[in-house]
Amino acid sequence: MSSSTACPNGDSPPLHVHRHEDEVFHVLEGQLRFRIDGHDQIAGPGETIIAPKGLPHTYRAESPEGARTLTITRGSDFETMLRQTSRPAEQPELPSLSEPMPEMI
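Positions within a chain are numbered from 1, following the residues in the order the chain's sequence is written. pLDDT decides what is reported in this predicted model: residues at 70 or higher carry local features, side-chain atom pairs at 80 or more are listed and counted, and totals for whole chains, interfaces and linings draw on all residues regardless. Computation of side-chain values covers all heavy atoms of the structure but excludes hydrogens and water.

*Asks:* Any details on the side chain of Thr69? Residues and values, ideally.
*Replies:* Structurally, Thr69 is set in strand E7 (residues 67-73). Polar contacts, as used here, are pairs of N or O atoms within 3.5 Å; protein pairs need one atom able to donate a hydrogen and one able to accept it. Residues neighboring in sequence count only if both atoms are side-chain atoms. A distance of 3.2 Å separates polar atoms of two side chains, one belonging to Thr69 and the other to Thr71. The contact rule is simple, with two residues in contact once any of their heavy atoms fall within 4.5 Å. If we skip the residues at most four places from it in the chain, Thr69 touches Ser3, Ser4, Thr5, His26, Val27, Leu28 and Leu32. Each helix is a run of DSSP H or I of at least 4 residues and each strand a run of E of at least 2, with the numbering of both proceeding from the N terminus.

*Asks:* Lay out the pattern of salt bridges with the relevant residues and their values.
*Replies:* Within this document, salt bridges are pairs made up of a side-chain nitrogen of Lys or Arg and a carboxyl oxygen of Asp or Glu, the two lying within 4 Å of each other. The final tally for this structure, using the stated rule, is five salt bridges. A salt bridge links Arg68 to Glu29, with the shortest nitrogen-to-oxygen separation between them at 3.3 Å. In this pair, Arg68 sits in strand E7 while Glu29 sits in strand E2 (residues 23-29), placing the two residues 39 residues apart along the sequence. Notably, a salt bridge pairs Glu62 with Arg33, separated by 3.6 Å at the nearest N-O pair.

*Asks:* With reference to specific residues and values, describe the nonpolar core.
*Replies:* The nonpolar core is taken to be a set of buried Ala, Val, Leu, Ile, Met, Phe, Trp, Tyr and Cys residues, with the residues joined through side-chain atoms within 4.5 Å. Relative accessibility under 20% of the residue-type maximum defines a buried residue, over 50% an exposed one, and the middle range a partly exposed one, all with a 1.4 Å probe and only protein chains included. Core analysis: the largest hydrophobic core is formed by 12 residues, namely Cys7, Phe25, Val27, Leu32, Phe34, Ile36, Ala43, Ile49, Ala51, Tyr59, Ala61 and Ala67. Where this core is concerned, the elements lending two or more residues are E2, strand E3 (32-36), strand E5 (48-51) and strand E6 (57-61). For this core, the element with the highest residue contribution is E3, accounting for three residues. In this structure Phe25 touches Phe34, Glu47, Thr48, Ile49, Ala51, His57, Tyr59, Leu70 and Thr71, once residues within four positions along its chain are discounted.

*Asks:* Requested: an account of the sheet that holds strand E4 (residues 39-43), with residues and values cited.
*Replies:* Pairing is antiparallel in the open sheet, where three strands are placed in the order E4-E3-E6. The strands lining the two open edges of the sheet, one partner per strand, are E4 and E6. Each neighbouring strand pair of the sheet contributes to a mean axis angle of 20°, computed without reference to strand direction. Whether two strands pair comes down to DSSP finding at least two bridges between them. Judged from the five bridges that link them, E3 and E6 form a sheet pairing that is antiparallel. Bridge pairing links Leu32 to Ala61 in E6. Inter-axis angles, ranging from 0 to 180 degrees, are taken between N-to-C directions of lines fitted to C-alpha atoms, where helices are fitted over the stretch in contact.

*Asks:* Break down the pairing of E2 for me, citing the residues and quoting the values.
*Replies:* Inspection of the sheet shows E2 paired to E5 by four bridges, in the antiparallel sense. Each bridged residue has a counterpart across the sheet, and for Val24 the counterpart in E5 is Ile50.

Keep in mind these values describe shape, not function.
What follows is the structure, encoded as structure tokens:
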């Protein structure tokens, strides 16, 4: 599965672990700070970061204009989680940041 993700400045998913698949991030625009297994790394356009399965990871959009990535995973676990935790957009803009619901965690 691959998807293009737009990340406004400061956007950051919660620290999380994929048990069955690696997650690959190819930065298309902007700058992101990745934290993988407690280690930070900055990546910009054209750079690729791999978050290996089993290691806790997150990222944060550092550039003022935000960032955009191509995110690649394999297997159905990640896709299933996205489908189960997603909901139809209520507006054309990105929703405000909120805490994840217990079932999402």
